[in-house]
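# Analysis of the macromolecular model
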Amino acid sequence: MDYQGTLIRPPSEAGSILLQVTLGCSHGKCAFCGAYLDKKFAIKDQDVVWRDLAFAATHCRRQRRLFLCDGDALILPQSYLLDILARIRGQLPWVTRVGSYANAKSIARKTDQELLELRQAGLGILYMGVESGDDAILRSMNKYGESATLVEQGQRVRLAGIKLNVTVINGLGGVEHSLSHARETARALTVMDPDQIGALSLMLVPGTPLHTLHAQGDFLVPDALGMLAELREMLSGIHLSKGLFLANHASNYLPLKVRLPSGKAKALQELDAALAGYRRLRPESVRAL
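- An unreviewed UniProt entry lists the chain under the name Radical SAM domain protein, from Pseudodesulfovibrio piezophilus.
- The record in UniProt for the chain states the following under Cofactor (unreviewed entry): "[4Fe-4S] cluster".

### So, the pairing of strand β7 (residues 163-170)
- Of all eight residues in β7, six are buried, a share of seventy percent or more.
- The sheet contact formed by β7 and strand β8 (residues 196-201) spans six bridges and is parallel. Within β8, the position partnered with V166 by the bridge is I197.
- Regarding the hand of the β-α-β motif, the stretch spanning β7, helix α7 (residues 178-192) and β8 is right-handed.

### What about the layout of surface pockets?
- Considered as a void within the structure, the second largest pocket measures approximately 240 Å³ in volume.
- What lines the second largest pocket is a set of 16 residues, and nearest its centre among them are G173, E176, H177, D218 and F219.
- Contributing elements (two or more residues each) for the lining of the second largest pocket: α5 (135-140) and α8 (209-215).
- A total of three residues in the lining of the second largest pocket trace back to one element, the largest contributor, which is α5.
- Taken together, the residues of the lining of the second largest pocket sort by class into ten nonpolar, four polar and two charged.

### A word on empty space enclosed by the protein
- Summed over the entire model, instances satisfying the criterion amount to one cavity of 30 Å³ or more.
- Taken as a whole, the largest cavity spans an internal volume of roughly 40 Å³.
- Taken together, N170, S201, M227, L228, L231, N252, Y253 and L254 make up the lining of the largest cavity.
- Of the residues belonging to the lining of the largest cavity, the class tally is five nonpolar, three polar and no charged.

Cut-offs applied
Residues numbered from 1 in each chain as written. Predicted model: local features only at pLDDT ≥ 70, side-chain atom pairs only at ≥ 80, totals over all residues. Heavy atoms only, no water. UniProt positions renumbered as here; feature names shortened; annotations may be inferred. Buried < 20%, exposed > 50% of the residue type's maximum accessible area, 1.4 Å probe, protein only. Helix = DSSP H or I, 4+ residues; strand = E, 2+ residues; numbered from the N terminus. Pairing = 2+ DSSP bridges. Right-handed = clockwise from strand over helix to strand, strands pointing away. 1 Å grid on protein atoms, 1.4 Å probe; cavity = no way out; pocket = protein on both sides within 12 Å on 5 of 7 lines; lining within 4 Å. Points joined across faces, edges and corners; volume = space filled by probe spheres on them. Nonpolar A, V, L, I, M, F, W, Y, C, P; charged D, E, K, R; others polar.

See the structure below:
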């Protein structure tokens, strides 16, 4: 397989075929993100992608899922994306689900009919970075779109029948805006009503604007208890029709897997126990992105 630069994929796609169809991220300006510092956004040559599919057809026959890399494969022209999905279906008929990262920019470029076509062609899940529901924080982090835009585009994905997995970043508002970040993010997620929420905890990446702000003393990251208090406030305000809330990423201090709405009360009790010092937290030395 032709892999260029660092490949990033969601934890749930660990066992998937990784087919790199773009390089980097089509937005690439978020102040906190160091995922693609090693490359500029580009669409990979079609012949290279077709060769990788032929390789997967021979050597990846045990894997039932496929993930389209890099950061935003949905930005591809509709005809090319449909061609990729058709070839996956034809050459890898054992693949039961195709997934991709997406952002509000790339989703907005697709009409409702185009999203439906992608679902019918085999696109089963999109992973969307919401990060925060607070407009001031989104602007300060150079995130594309305001909260209302993120919510609207997430709703469009769900209406097309595509599973929606969103991520938020605990601590992204810093100490100063921790409470607003938690409450506004909970509000946005409740309105969006995704299938799954993944909560990561902020870890500063050297080379990013946010890391520089922190080094200058202009951004203060919440400590472990501050992160947990923020996470509790966020979770308490989230009301999904049904879905999963996962805070079990390696960056988090207290692993949580919560089925909503039934498991919320127990999860809040676990957070309360951790805040009171009755639960052991993940040591700082083993936290990772």
